[in-house]
Amino acid sequence: MSANLIVTAADGVVTVKMNRPDVLNALDGEMLRALVDTLQPFDRDPECGCIVLTGSEKAFAAGADIREMNEKSYLDAYHSDFLAGWEAFARLRTPKIAAVSGYALGGGCELAMMCDIIYAGRSAIFGQPEIRLGVIPGMGGSQRLTRLIGRAKAMDMILTGRQMDAQEAEHSGLVARLFDDAALLFETQKAARIIASYGKAATLAARETVNRAEETSLTEGLLFERRAFHALFATQDQKEGMTAFLEKRPARFVGK
């Protein structure tokens, strides 16, 4: 386990707190490896129903580690496909919620957007300020931000480097829910426990169908959704969920 992460697991929820307070949780190669190596086994575990990713009150993550990038040449970046490794985090199939307090800038904003849901404390500040460093977002910021908040606001943020506060982020569709900072992690974990209480086959399918909506036509998306819906009739959890509804009792999902 990396010293840069604090990991707890309870009630089907894995909570990961990034812990590099001296650099406001700046993201480097070590943090990437730690997150992926830590979370991939949980991702494969049928008992893990949701992942919560958070940082400190001051910063979710203030960006990529500039010290790691400063001396790189074009060939260094190109040959190593620098930053591509972060897609391993995005590809984790278990639903992921980012709980964001303080700064989520550059790579920190991009990491939050790799999660399926972003909840924010009122202190949260989002931004893609890479233009100030002579570069552009490199972990998906131009693509995910545009899909989440639209071309106009994404272009404004990326070209000016301006920051977006939590209220604007919620109004713009970047943040799903806004909480007081003191309640953020509690409320996020409460939502995560609700997700984890459902059958994992259904939550994985739900996540995949919503993501497919961004990447395909309506006709293809509807077909994908319908086939995923049909497939869930092969699970024990579908039988249990519908039987429990008819019997007016809570469902007892087993992930099968």
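Scoring rules and cut-offs
Residues numbered from 1 in each chain as written. Predicted model: local features only at pLDDT ≥ 70, side-chain atom pairs only at ≥ 80, totals over all residues. Heavy atoms only, no water. 1 Å grid on protein atoms, 1.4 Å probe; cavity = no way out; pocket = protein on both sides within 12 Å on 5 of 7 lines; lining within 4 Å. Points joined across faces, edges and corners; volume = space filled by probe spheres on them. Helix = DSSP H or I, 4+ residues; strand = E, 2+ residues; numbered from the N terminus. Nonpolar A, V, L, I, M, F, W, Y, C, P; charged D, E, K, R; others polar. Pairing = 2+ DSSP bridges. Axes fitted to C-alpha atoms, helices over the stretch in contact; angles between N-to-C directions. Contact = heavy atoms within 4.5 Å.

Colleague: Any chance you could break down the layout of surface pockets for me, citing the residues and the numbers?
Modeller: Looking at the largest pocket, its volume works out to about 870 Å³. Lining the largest pocket are 30 residues, with Cys115, Asp116, Arg207, Asn211 and Glu214 sitting closest to its centre. Those elements that provide at least two residues to the lining of the largest pocket are helix H4 (87-90), strand S5 (96-100), helix H5 (107-114), strand S7 (117-121), helix H6 (141-149) and helix H10 (200-213). Considering every element that reaches the lining of the largest pocket, the biggest residue donor is H10, with 7 residues. The residue inventory of the lining of the largest pocket, partitioned by class, reads 15 nonpolar, 4 polar and 11 charged. For the second largest pocket, the calculated volume is near 560 Å³. Together, 25 residues line the second largest pocket, and Ala64, Ile66, Met69, Glu130 and Leu133 are the ones closest to its centre. Those elements that place two or more of their residues in the lining of the second largest pocket are helix H2 (66-69) and H5. Considering every element that reaches the lining of the second largest pocket, the biggest residue donor is H2, with 3 residues. Among the residues making up the lining of the second largest pocket, the classes are represented as 15 nonpolar, 5 polar and 5 charged.

Colleague: So, the sheet that holds S7: which residues are in play, and what are the values?
Modeller: Ordered by their spatial adjacency, 6 strands build an open sheet running S1-S2-S3-S5-S7-S10, and the pairing between neighbours is mixed. Because the sheet does not close on itself, it has two edges, and the strands there are strand S1 (5-10) and strand S10 (177-179). With direction set aside, neighbouring strand axes in the sheet form an average angle of 20°. Where helix H1 (residues 29-44) meets the sheet, its contacts fall on S1, strand S2 (13-18) and strand S3 (50-54), and the angle it forms with S1 comes to roughly 15°. Helix-sheet contacts for H5 involve S2, S3, S5 and S7, and the interaxial angle to S5 is about 145°.

Colleague: Give a description of the sheet that holds strand S6 (residues 103-105) that names residues and reports values.
Modeller: Strand order in the open sheet made by the 4 strands is S4-S6-S8-S9, with mixed pairing throughout. Looking at which strands have only one partner, the edges of the open sheet turn out to be strand S4 (59-61) and strand S9 (163-165). Averaged over all adjacent pairs, the angle separating strand axes in this sheet is 20°, with direction ignored. Where strand S8 (residues 125-127) meets S9, 3 bridges bridge the pair, whose relative direction is antiparallel.

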